[in-house]
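# Fold and geometry: a report
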Amino acid sequence: MRQYDAIFIGAGQAGPFLAARMAENGLKVALIERKFLGGTCVNAGCMPTKTLVASARAAYVARRTDDFGVKIGGEVSVDMSVVRKRAQTVTMDARKGLIDWLGGLENLSIIYGHARFVAADTVVVNGSELTAPRIFINVGARPVIPTFPGIEDVDYLTSTSILEMDTLPRHLAVIGGSYIGLEFAQMYRRFGSEVTVIERGARLAPREDEDISSAIRDIFAGEGIAVHTGVSEISFSRKGEDILLNADGMSRDVSHVLVATGRRPNTDDLGLETAGVETDARGYIQVNDRLETNVPGIWALGDCNGRGAFTHTSYNDFEIVAANLLDADDRKVSSRVPAYALYIDPPAWTGRDDRKGSPRDGTKRRCVQPHHVQGRPRKGTQRNAGIHEGCGGCRHQGNPGSHDSWY
Ligand SMILES: Cc1cc2nc3c(=O)[nH]c(=O)nc-3n(C[C@H](O)[C@H](O)[C@H](O)COP(=O)(O)OP(=O)(O)OC[C@H]3O[C@@H](n4cnc5c(N)ncnc54)[C@H](O)[C@@H]3O)c2cc1C
């Protein structure tokens, strides 16, 4: 049995940074990762997708240069193998940076393999037992695949497998009209695919305010993306090389299907029951305000604790635990100000809501606007007209109530 001061399960956006802080403080640390350092964000999430969004935007702007008086001539086409390579390079550079940094730290051992609890203070990896008085779980989440009739008969894509594609789908059906589905839908439309979005809820981005959903729908309509909302029955069957999608009686021959219907925590194969760690009905590890689980000596950070679903919330979990354990500073997850973005173009982002009587409990406020007009936008301003985006809106620029218009 190998003895450590701290064990980290999963090297996502919280664990590596806390592991490094502890190692720098002279503690002997094991960082266990079953796939790639950096987790979802670096390898299958933010980094590759935002790189693809940037490629898609370049294609979109290139097709509209005439609007700006710029002539490039000829048809704009997209080389998906170059697009994919560019995204892979960003991922590989980030991953290499982590390998070099963490691999060079004294007191920190990186162990590749799947970790599972065999006791509250012990995990097994690659057949070896490791024990520590402190164990930090940072195992992230993975895509959920609902049991749609026929789904097993077709080669559906997830947000991870679609990143491996280096050809352009003729027609991509995106099942799920929320954050991840919307990003891929607009991106592939801009690459040149026909795109159909199917959403079970009554509107796109159902967790956002209604005006945001309808702004997204307008943006998508303007780009020629077909959207079907309020769909209750979805099924698939093979049709030669194609896939026949049925959605509430509507049928479409599509070449590819992306299932983007949510994510679930990677907590079902961790042996949590052996350690006595409590989860909720969906598998999220229950934590208190300091991210401690119900078992003394075990913490849960990042997406797997259900208190956030972003890189910055996972990283902030690291900051909270580091402050409490290493800096004698009392930090709590309940003090976090929620903020996030939806990376369609223009991006939709959410910050604080100071409106009285807001349906968001006075905690959040919704905004949609192109990033490059974050100054003092007003309807019909020259700045907006000059950028010629023609859509977007803004309600809050730090001064509650001062800007409340769409433009
Ligand atoms: C397509 C997509 C786009 C996204 N875009 C954004 C964005 O633009 N901005 C943003 O803020 N967030 C984005 N996210 C979300 C973001 O990627 C995650 O919130 C973030 O990566 C969560 O970090 P984490 O530390 O909780 O876990 P993860 O980054 O998921 O890392 C968990 C790690 O644990 C490992 N692991 C799991 N189980 C075990 C085990 N038993 N033993 C050993 N290792 C294990 C996994 O292999 C993984 O490497 C996106 C996600 C997706 C899917």
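Here is what the cut-offs are and how they apply
- The numbers attached to residues start from 1 for each chain and follow its sequence in the written order.
- Side-chain atom pairs in this predicted model are given and counted only at pLDDT of 80 or more, local residue features only at pLDDT of at least 70, and totals for whole chains, interfaces and linings cover all residues.
- Strands here mean DSSP runs of E at least two residues long; helices mean DSSP runs of H or I at least four residues long; both are numbered from the N terminus.
- Labels follow a simple rule on C-beta atoms placed from the backbone: if 20 or more others lie within 10 Å of a residue's own, it is buried; if 12 or fewer, it is exposed; otherwise it is partly exposed.
- The contact rule is simple: place each C-beta atom from the backbone, and if two of them lie within 7 Å, those residues are in contact.
- Each residue receives a C-beta atom placed from its backbone. It is near a molecule or strand if this atom lies within 6 Å of it.
- Classification convention: Asp, Glu, Lys, Arg as charged; Ala, Val, Leu, Ile, Met, Phe, Trp, Tyr, Cys, Pro as nonpolar; all other residues, Gly among them, as polar.
- Any two strands are treated as partners once DSSP identifies two or more bridges connecting them.
- Residue-level confidence of the predictor is what pLDDT reports, using numbers from 0 through 100.
- With axes taken as lines fitted to C-alpha atoms, and helix axes fitted only over the stretch in contact, angles between N-to-C directions fall between 0 and 180 degrees.
- In this analysis, the expected span of each helix is defined as 1.5 Å times one less than the number of residues it contains.
- These descriptions rest on fixed angle ranges, namely under 35 degrees for roughly parallel, over 145 for roughly antiparallel, 65 to 115 for roughly perpendicular, and the rest for oblique.
- Put simply, a crossing is left-handed when the front helix is turned counterclockwise from the back one by less than a right angle, and right-handed when it is turned clockwise.

### What to know about the overall build of the chain
When helices and strands are counted, the chain shows nine helices and 23 strands. The buried share of the chain, taken over its 407 residues, is 39%. Pairs at least 24 apart in sequence give 61% of the contacts found in the chain among residues at least 6 apart.

### A short note on the site of the ligand
Around the ligand, 37 residues are found, and the nearest of them are G10, G12, G39, G140 and G302. Contributing elements (two or more residues each) for the shell around the ligand: β3 (29–33), α2 (39–44), α3 (46–63) and α8 (311–326). Among the elements that take part in the shell around the ligand, α2 stands out by supplying four residues, more than any other. Taken together, the residues of the shell around the ligand sort by class into 16 nonpolar, 16 polar and five charged.

### Concerning the pairing of strand β15 (residues 250–254)
Two faces, one strand: in a regular strand the side chains alternate between the faces of the sheet. Judged from the five bridges that link them, strand β14 (residues 242–247) and β15 form a sheet pairing that is antiparallel. Among the inter-strand pairings, A247 is bridged to a residue of β15, identified as M250. Counted along the chain from β14 to the antiparallel partner β15, the turn is two residues long, and its residue D248 has a positive phi close to 50°.

### Description of the confidence of the model for the chain
Chain-level pLDDT for the chain is 89 on average; 86% of the residues reach the 70-or-more range. Here residues 370–385 is modelled with pLDDT under 50, and outside its nearest four sequence neighbours on either side it reaches 25 contacts, counting other chains as well.

### Re the sheet that holds strand β13 (residues 234–239)
Reading across the sheet, the three strands line up as β13-β14-β15 and stay open at both edges, with antiparallel pairing between neighbours. The strands lining the two open edges of the sheet, one partner per strand, are β13 and β15. Mean inter-strand twist for the sheet, computed between neighbouring axes without regard to direction, equals 20°. Examined bridge by bridge, β13 and β14 share six bridges and lie antiparallel to one another. Its bridge partner lying in β14, F236 is registered against L245.

### Some remarks on α3
Taking 1.5 Å of rise per residue, the 18 residues of α3 would be expected to cover 26 Å, and the 26 Å separating its terminal C-alpha atoms lies within 8% of that figure. Here α3 has its buried residues at M47, P48, T49, L52, V53, S55 and A56. If you follow the buried residues of α3, they end up packed against α2, α4 (80–103) and α5 (179–191).

### Quick look at unusual backbone geometry
Cis geometry is adopted by the peptide bond preceding P346, which originates at D345 and carries an omega value of 0°. Take P346: it is sitting in the loop between β19 (340–342) and β20 (348–351). The residue N107 is not glycine, and still its phi comes out positive at about 75°. Within the fold, N107 resides in the loop between α4 and β4 (108–112). When the 17 C-beta atoms within 10 Å are taken as the criterion, N107 is described as partly exposed. You will see that N126, though not glycine, has its phi angle at about 50°, which is positive. Tracing the sequence through the fold places N126 in the loop between β6 (122–125) and β7 (128–131).

### What about the sheet that holds strand β1 (residues 2–3)?
Where strands meet in a sheet, backbone hydrogen bonds hold them as pairs that are either parallel or antiparallel. Strand order in the open sheet made by the four strands is β1-β7-β6-β5, with mixed pairing throughout. With partners counted over all chains shown, the strands left at the sheet margins are β1 and β5 (115–119), one partner each. Pairing analysis gives two bridges linking β1 to β7, with the strands arranged parallel. When the bridges of β7 are listed, R2 appears paired with L130.

### A few points about the environment of V174
Residue placement: V174 occurs in strand β10 (residues 171–175). Residues V174 and L157, spaced 17 residues apart in sequence, show a C-alpha to C-alpha distance of 9.4 Å. When neighbours within four sequence positions are excluded, V174 is seen to be in contact with G181, F184, A185, V195, V197, L258 and A260.

### Notes on the packing of helix α1 (residues 15–24) against α8
When two helices pack together, their arrangement is given by the angle between their axes and by how far apart the axes lie. Packing of α1 against α8 brings their axes to within 8 Å, and their N-to-C directions diverge by 25°. For the element pair α1 / α8, the angle class is roughly parallel. Remark: the crossing between α1 and α8 carries right-handed chirality. Taken together, the residues of α8 that come into contact with α1 (itself represented by F17, L18 and R21) are Y315, F318, V321, A322 and L326.

### Focus on the environment of S178
Within the secondary structure, S178 sits in the loop between β10 and α5. Assessed through the 19 C-beta atoms surrounding it within 10 Å, S178 is described here as partly exposed. Between the C-alpha atom of S178 and that of A205, which follows or precedes it by 27 residues, the distance is 4.4 Å.

### A look at α1
With eight of 10 residues buried, α1 lies mostly within the body of the structure. Looking at α1, one finds that the buried residues are G15, P16, F17, L18, A19, A20, M22 and A23. Following α1 by one or two positions, G26 has its phi on the positive side, about 90°.

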